[in-house]
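Okay, here's what each chain looks like letter by letter:
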Amino acid sequence: MLDAKLTLKSHPQHRSSIQVSSQVTIGGKAIVVIGGPCTVESLDQMEQVARSLSTVSVSALRGGVYKPRTSPYAFQGAGIEGLRILASVREQFGLPVVTEVMAIEQIEPVASYADMLQIGSRNMQNFELLKALGRINKPILLKRGLAATLEEFVMAAEYILSHGNPNVVLCERGIRSFDPYTRNVLDLGAVVALRQLTHLPVIVDPSHATGKRELVADLARAAIACGADGLIIECHPNPDLSVSDARQALSLSDMADLVRSLEPIAAAVDRQILNSKALAMCS
Ligand code: PEP
Ligand code: MN
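On a predicted model such as this, the values are computed, not experimentally measured, just so you know. (Residues numbered from 1 in each chain as written. Chains lettered and ligands numbered in written order. Predicted model: local features only at pLDDT ≥ 70, side-chain atom pairs only at ≥ 80, totals over all residues. Heavy atoms only, no water.)

Caption draft 1: Fine view of the site of ligand 1. Residues in close proximity to ligand 1 total 13 residues, the closest being Arg62, Gln118, Ser121, Arg122 and Arg173. Note that an oxygen atom of ligand 1 is positioned 2.9 Å from one of the side-chain N or O atoms of Lys143. At 3.2 Å, a side-chain N or O of Glu234 approaches an oxygen atom of ligand 1. Contact with the protein chains removes 97% of the 290 Å² of surface that ligand 1 exposes when unbound. Among the residues forming the shell around ligand 1, the class breakdown is two nonpolar, four polar and seven charged. (Near = heavy atom within 4 Å. Polar contact = N/O pair within 3.5 Å; in protein donor to acceptor, adjacent residues only side chain to side chain. Areas by Shrake-Rupley, 256 points an atom, 1.4 Å probe, with all protein chains shown as cover. Nonpolar A, V, L, I, M, F, W, Y, C, P; charged D, E, K, R; others polar.)

Listed below in structure tokens is the structure:
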């Protein structure tokens with residue numbers, strides 16, 4: 001594919017930056033950090049997260065309300081009530097929100113509350129969903145499939161682009177391999193390759209890539225060093241009590257320390273960590 005005669009819409013002849021809100025653009029010189037819990041559990045939880053993250057250079061909040069759980073008996077997400085919680089913290093703290101859509105019928109409600117729609121790994125090749133996302137103009141965070149090749153990943157993005165939505169950000173979140181020590185294997189080579197192969201911003205999710213909180217900070221720094229345009233990281237006011245992905249959740253203070261530690265790495269690659277709050281105060 002990648003040297004095919006067909007000119008792909010993701011071709012690397014320029015670099016795109018994708019606007020998520022008036023203060024937050026992914027793909028420019030500034031690196032965007034997105035933080036929050038795996039799952040939206042309550043208003044109080046999300047307010048604690050947003051209050052803490054808005055004191056450091058975190059520019060967007062994450063939190064799932066439609067959750068792709070391995071077990072049908074596990075909590076499936078707070079749904080519309082969760083969207084209302086996200087809208088409330090977005091309003092109170094002035095941070096854009098990112099949340100997952102798993103089905104075509106979720107696109108409309110999610111797009112009416114959230115600033116960016118996440119397509120999870122399990123849906124990377126849900127082609128009808130991708131086509132429907134191509135027909136809206138909200139930014140899409142497309143996560144790499146559990147065992148997707150780069151060709152499959154780029155072609156999934158092409159489904160959205162070719163149906164009319166140019167606002168796609170790619171997310172490397174680790175791929176399945178043989179060693180159960182880590183949940184997945186973080187493919188930093190893919191980050192470098194995708195930035196050569198496409199004009200789309202590429203961010204990294206070190207939380208799902210490792211599944212272990214003690215591995216997250218070092219890999220987040222490595223991602224910035226190899227050119228990632230941003231990070232999406234799971235954190236929680238009480239990590240061990242997270243309803244999903246507890247083992248990989250950072251505490252809010254570890255998250256703040258991690259974000260601060262990214263500054264010199266960003267500077268070393270001639271970039272900086274976006275501080276959208278500081279920008280808002282200047283404008
Ligand atoms: C998530 O972001 O919580 C999630 C389920 O991610 P992934 O689709 O990468 O597994
Ligand atoms: Mn998760």
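Caption draft 2: The state of the cysteines, seen in detail. Under the criterion given, the structure shown has zero disulfides. Take Cys235: it sits in no disulfide, and the sulfur closest to it among the cysteines is that of Cys38, at 11 Å. With relative accessibility at 0%, the residue Cys235 sits in the buried group. (Disulfide = S-S within 2.5 Å. Buried < 20%, exposed > 50% of the residue type's maximum accessible area, 1.4 Å probe, protein only.)

Caption draft 3: Representation of the coordination of the manganese ion (ligand 2). Distances from the manganese ion (ligand 2) to its protein donors, Cys38 (SG), His208 (NE2), Glu234 (OE) and Asp245 (OD), fall at 2.0 to 2.4 Å. Along the chain, the residues donating to the manganese ion (ligand 2) are arranged with the sequence spacing C-x169-H-x25-E-x10-D. Within this pair, whereas Cys38 is found in the loop between strand S3 (30-36) and helix H1 (43-53), its partner Asp245 is found in the loop between strand S10 (230-234) and helix H9 (252-268), the two being separated by 207 residues in sequence. (Donors = N, O, S within 2.8 Å, 3.2 Å for Na, K, Ca; no water. Helix = DSSP H or I, 4+ residues; strand = E, 2+ residues; numbered from the N terminus.)

Caption draft 4: The packing of helix H8 (residues 213-225) against H9, seen in detail. The N-to-C vectors of H8 and H9 enclose an angle of 30 degrees; their axes lie 9 Å apart at closest approach. As judged from the angle between their axes, H8 and H9 are roughly parallel. In the packing of H8 onto H9, the handedness of the crossing is right-handed. Residues Val216, Ala217, Ala220, Arg221, Ile224 and Ala225 of H8 touch H9, and the partners they reach there are Leu258, Ser261, Leu262, Ile265 and Ala266. (Axes fitted to C-alpha atoms, helices over the stretch in contact; angles between N-to-C directions. Parallel < 35°, antiparallel > 145°, perpendicular 65-115°, else oblique. Left-handed = near helix turned anticlockwise from the far one by under 90°. Contact = heavy atoms within 4.5 Å.)

Caption draft 5: Geometry of the packing of H1 against helix H2 (residues 79-93). Two elements in contact, H1 and H2, have axes whose closest approach is 10 Å; the angle formed by their N-to-C orientations is 30 degrees. The way H1 lies across H2 gives a crossing that is right-handed. Taken together, the residues of H2 that come into contact with H1 (itself represented by Leu43, Met46, Glu47, Ala50 and Arg51) are Ile85, Leu86, Ser88, Val89, Gln92 and Phe93. Its residues assigned to classes, the contact of H1 with H2 shows seven nonpolar, two polar and two charged.

Caption draft 6: Representation of the environment of Arg122. Within the fold, Arg122 resides in the loop between strand S6 (116-119) and helix H4 (127-134). The class for Arg122 is partly exposed, based on a relative accessible area of 43%. Distance from Arg122 to Gly145, taken between C-alpha atoms, is 6.0 Å for residues 23 residues apart in sequence.

Caption draft 7: Fine view of the side chain of Thr39. Relative to the elements of secondary structure, Thr39 occurs in the loop between S3 and H1. For Thr39, the contacting residues outside a window of four places in its chain are Gln45, Gly64, Lys67, Phe75, Val243 and Ser244.

Caption draft 8: Broad picture of the pattern of salt bridges. Under the defined criterion, the tally for this structure stands at 15 salt bridges. Of the charged contacts in the structure, one is a salt bridge between Arg84 and Glu81, with a shortest N-O distance of 3.6 Å. Separated by three residues within a single helix, Arg84 and Glu81 lie in helix H2, roughly one turn from each other. Here Arg84 falls in the partly exposed class, since its relative accessible area comes to 45%. Salt-bridge contacts for Arg260 lead to Asp257; the nearest nitrogen and oxygen are separated by 3.1 Å. Of this pair, Arg260 and Asp257 are both found in helix H9, three residues apart, which corresponds to roughly one turn of the helix. Judged by relative accessible area, which is 48%, Arg260 ranks as partly exposed. Its relative accessible area of 44% is what places Asp257 among the partly exposed residues. (Salt bridge = Lys/Arg side-chain N within 4 Å of Asp/Glu carboxyl O.)

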